[in-house]
Amino acid sequence: MKRLLLILLAVCAGFAAAPHRAAADTCGIPEKGTIWVDFADGSVPFWQTFARPGVIAAAANFIYPPQLRALGARTVYFDLNFRLRVGTPLEPYDPAVVINRANRLYSTAAMSSGCTQPVIAENELNGANLVTPWTANNAAYRRNVLIYMQTLSALGARPVILVPSAPYIGDEAGDWWRQLSQYAEVVRESYFAAPGIAKQGPIEGSRTLRNLFRKRVAEFTSAGLPASKLGLMLGFQTTRGSGGREGAARNSWLEVTKLQALAAKQVAGEVGLRSVWSWGWAAWSTGERDPDKPIAACVYLWARNPSLCNGPSAAGKGFNTSLTEGQLVLPAGTRCTLYGRPVTESTISSLTPVTGNPDVAFTAAFARAVTSLQVKLRPKQLTDAERAVVAGRFRGSFARYRAALAKAHASPGSARGIIGDELRRLAIESGFRVAGPTAMEVNEYYETYGATRARLVATKTAAPWLGMRKRGFALESMAPPQLFTLAGGGGWHSIRTMRGTYQVRALDSPVSLGALPLGVARPAIVNALKELARSDRYEAWLLARERVLDEQAVCRRDAQPEVGVVELTDYLPFLAAE
């Protein structure tokens with residue numbers, strides 16, 4: 001008890017010694033918003049790249065921080081030896097030692113930074129992923145970390161602790177992390193191999209990075225830590241196996257460097273991160289003495305703010321200078337873009353009442369974008385097809401047509417969209433060649449669908465529902481419904497369909513398919529089975545295209561659509577093409 005009292009008195013002494021916050025100097029580091037910090041002490045051969053206005057440089061001791069500030073940069077203090085302040089999970093220090101060393105480091109950091117409220121970054125927490133119950137030594141180590149951060153904070157510093165691995169936040173560990181965030185900011189190190197991202201390209205690679213950074217942030221926000229107390233550290237190491245360049249070609253690495261900055265900027269804005277740090281610029285070993293590092297540093301600065309460095313000039317020929325490719329730069333009211341073609345919020349919202357599910361509507365809208373890349377429609381085609389639906393299904397009454405749409409919770413605009421889907425489907429299916437059915441398949445169809453009505457008709461032009469012939473039996477399941485209301489033995493009649501207008505004459509009354517001899521019915525059955533085969537081919541084609549193009553779609557918050565085939569005509573069967 002006496003020992004604990006001495007420790008508490010030492011902490012209180014530190015509190016009393018601290019200058020009042022209102023009168024303290026904050027080193028010019030903004031207290032709100034996202035700050036970008038770059039490691040740039042004397043171990044970075046090109047530290048001058050970061051010595052400019054608009055940059056916050058991380059360095060230690062007393063040589064380089066004043067030089068960085070003299071050239072216009074702001075500075076924070078970077079302590080590479082956190083283990084010498086608090087010990088390790090295996091060998092924690094005495095708490096009195098921790099308090100003493102916190103006081104000493106504060107004094108050093110304040111003098112180095114030239115202010116009384118320095119930002120002090122501690123590298124790094126040991127055993128972040130250790131599960132509870134903790135060993136006695138690890139519990140003492142974690143207690144030391146809190147004491148150290150509390151002491152620095154009480155003295156006026158703004159502590160930051162780097163975390164190299166996924167934190168364990170269950171049980172009392174979550175309480176520890178929440179308590180830590182009251183005194184220090186938490187920065188999650190986020191390293192990866194550049195070649196893998198480069199291989200994905202700017203669209204998929206950017207999405208991978210953004211999702212990685214969101215995941216790193218969520219590790220802590222899921223435990224209740226506010227994003228305003230969190231940061232990310234990006235790595236630009238070049239030693240193999242450390243996560244960084246990993247042997248990537250020069251332009252590939254520079255591309256990934258650019259994408260890292262843009263991804264971090266996007267996520268920081270989304271969640272309100274406190275900080276983004278860069279690391280790996282130093283040349284402590286042979287593997288880190290990479291001649292391309294100064295160029296990567298310039299590209300990194302340029303990507304986050306073009307006024308900080310001329311990245312394109314430094315990178316030279318072959319560098320992709322686009323700051324928008326693969327980024328979440330979407331027009332207002334747009335959920336996704338696919339090679340410039342929008343998937344709009346209005347399209348999704350118009351289909352949601354029809355499907356009853358916004359995710360299904362999203363899938364249908366994305367499929368529409370996919371098929372629109374394949375088939376371009378003219379406005380007149382949509383108008384003619386809609387009039388054909390009204391003529392064939394509603395006897396020319398637009399009032400009855402609109403009433404049917406309202407009953408299905410569909411607007412005229414969403415109906416026209418579905419008609420367009422059908423027209424594109426027909427165009428795509430027409431390009432599929434399918435094998436004829438077997439005798440067994442023909443017999444099975446004949447026996448199964450014997451009740452289906454069939455009618456012998458003639459046309460002036462070859463019709464798809466006659467197998468591209470001008471005479472034959474049309475089946476009710478795939479022919480225009482008007483065929484079965486024509487007066488028998490009459491003259492020619494114009495029948496409007498989505499595929500066009502046909503001159504048709506009925507040669508006999510409708511009969512059931514099963515009433516016809518199989519030999520007579522066979523051509524109609526073969527045509528029906530081939531149409532079904534084309535439909536199956538279309539679904540397989542659409543799924544495959546969606547899987548490929550889903551990776552190339554740029555969607556808000558990277559919420560990609562589920563891949564699937566949504567039969568919107570199941571909800572509005574009267575819009576199905578015949």
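A short tour of the structure in this document, coming up. Bear in mind that the values here come from a model prediction, so they are computed numbers and not experimental data. (Residues numbered from 1 in each chain as written. Predicted model: local features only at pLDDT ≥ 70, side-chain atom pairs only at ≥ 80, totals over all residues. Heavy atoms only, no water.)

### Points about the sheet that holds strand E7 (residues 230-235)
Overall, parallel pairing links the eight strands, which are arranged E1-E2-E3-E4-E5-E6-E7-E8 in a closed barrel. Averaged over all adjacent pairs, the angle separating strand axes in this sheet is 30°, with direction ignored. By the bridge criterion, five bridges tie strand E6 (residues 185-190) to E7 in an arrangement that is parallel. Paired with Val 187 across the two strands is Gly 231, which belongs to E7. Most of the contacts of helix H9 (residues 293-304) go to strand E1 (residues 35-39), to which it runs at about 175°, and overall it touches E1, E7 and strand E8 (275-279). (Pairing = 2+ DSSP bridges. Helix = DSSP H or I, 4+ residues; strand = E, 2+ residues; numbered from the N terminus. Axes fitted to C-alpha atoms, helices over the stretch in contact; angles between N-to-C directions. Contact = heavy atoms within 4.5 Å.)

### Regarding the packing of helix H8 (residues 250-271) against H9
The geometry of H8 relative to H9 is characterised by a closest axis approach of 9 Å and an angle of 35° between their N-to-C directions. When you trace H8 past H9, the crossing you get is right-handed. Seen from H8, the contacting residues are Arg 250, Trp 253, Leu 254, Thr 257, Lys 258, Ala 261, Leu 262 and Lys 265; seen from H9, they are Lys 293, Ile 295, Ala 296, Val 299, Tyr 300, Trp 302, Ala 303 and Arg 304. Per-class residue counts for the contact of H8 with H9 are 10 nonpolar, one polar and five charged. (Left-handed = near helix turned anticlockwise from the far one by under 90°. Nonpolar A, V, L, I, M, F, W, Y, C, P; charged D, E, K, R; others polar.)

### Points about the packing of aromatic side chains
Per the stated rule, a full pass over the model turns up 24 aromatic pairs. Here the aromatic residues Trp 36, Phe 46, Phe 50, Phe 236, Trp 281 and Tyr 300 are joined through ring pairs into a cluster of three or more. Lying over the aromatic face of Trp 176, Arg 142 brings its terminal NZ or CZ to 4.5 Å of the ring centre. A cation sits over an aromatic face here: Arg 335 above Phe 362, 4.7 Å from the ring centre. (Phe/Tyr/Trp six-rings, centres within 6.5 Å; stacked < 30°, edge-to-face > 60°. Lys NZ or Arg CZ within 6 Å of the ring centre and 35° of its normal.)

### Some points on the nonpolar core
Counting 103 residues, the largest nonpolar core has Val 145, Trp 177, Leu 180, Phe 213 and Trp 277 as the members making the most contacts within it. With sequence-adjacent residues up to four places away left out, Trp 177 is seen in contact with Leu 125, Ala 128, Arg 142, Val 163, Pro 167, Tyr 168, Ile 169, Val 186, Phe 220 and Leu 225. Ranked by size, the runner-up nonpolar core spans 44 residues in total, among them Ile 348, Ala 364, Val 390 and Ile 419. (Core = buried A, V, L, I, M, F, W, Y, C linked by side-chain atoms within 4.5 Å. Buried < 20%, exposed > 50% of the residue type's maximum accessible area, 1.4 Å probe, protein only.)

### Thoughts on the sheet that holds strand E16 (residues 554-555)
Strand order in the open sheet formed by three strands is E10-E9-E16, with antiparallel pairing between adjacent strands. Sheet topology places strand E10 (341-344) and E16 at the edges, where each strand pairs with a single neighbour. Two strands pair when backbone bridges link them, and strand E9 (residues 334-338) and E10 are joined in this way by four bridges, in the antiparallel orientation. Looking at E10, one finds that Cys 336 is bridged to Val 343. The strands that helix H12 (residues 358-374) touches are E9, E10 and E16; relative to E10, the one it contacts most, it runs at about 160°.

### Things to note about the pattern of salt bridges
With the rule as written, the count across this model stands at 26 salt bridges. Ionic pairing is found between Arg 557 and Glu 270, a salt bridge with its closest N-O pair at 3.7 Å. Of the two residues, Arg 557 is situated in the segment after E16 and Glu 270 in helix H8; the sequence distance between them amounts to 287 residues. Notably, a salt bridge pairs Asp 421 with Arg 424, separated by 3.0 Å at the nearest N-O pair. One end of the pair, Asp 421, and the other, Arg 424, are both in helix H15 (residues 412-429), three residues apart, so they sit about a helical turn from each other. Of the residues examined, Asp 421 reaches a relative accessible area of 16% and is grouped as buried. Three or more residues joined by partner-sharing salt bridges are found here, namely Arg 210, Arg 214, Glu 270, Arg 557 and Asp 558. (Salt bridge = Lys/Arg side-chain N within 4 Å of Asp/Glu carboxyl O.)

### So, the state of the cysteines
Following the criterion strictly, the structure yields three disulfides and no others. Each disulfide pairs two cysteine sulfurs, and for Cys 27 the partner residue is Cys 115, the sulfurs being separated by 1.4 Å. With the S-S bond torsion at 40°, the cross-link from Cys 27 to Cys 115 turns out right-handed. Of this pair, Cys 27 sits in the loop between helix H1 (2-17) and E1 while Cys 115 sits in the loop between helix H4 (95-113) and strand E4 (119-122); the two residues are 88 residues apart in sequence, bridging distant segments of the chain. Here Cys 27 matches Cys 115 in class, with each residue buried. Note on cysteine connectivity: Cys 298 is disulfide-linked to Cys 309, with sulfurs 2.0 Å apart. On the S-S bond that ties Cys 298 to Cys 309, the torsion sits near -105°, and the link is left-handed. In this pair, Cys 298 sits in helix H9 while Cys 309 sits in the loop between H9 and helix H10 (311-315), placing the two residues 11 residues apart along the sequence. (Disulfide = S-S within 2.5 Å.)

### Regarding empty space enclosed by the protein
This model, assessed by the stated rule, comprises two cavities of 30 Å³ or more. Of the voids in this model, the largest cavity is the one considered here, and its volume is about 70 Å³. Of the residues that constitute the lining of the largest cavity, the class distribution is six nonpolar, three polar and three charged. Approximately 30 Å³ is the volume found for the second largest cavity. Around the second largest cavity, the lining residues are Phe 192, Ala 194, Gly 235, Gly 244, Arg 245, Trp 253, Val 256 and Gln 260. Classifying every residue of the lining of the second largest cavity by side-chain character gives four nonpolar, three polar and one charged. (1 Å grid on protein atoms, 1.4 Å probe; cavity = no way out; pocket = protein on both sides within 12 Å on 5 of 7 lines; lining within 4 Å. Points joined across faces, edges and corners; volume = space filled by probe spheres on them.)

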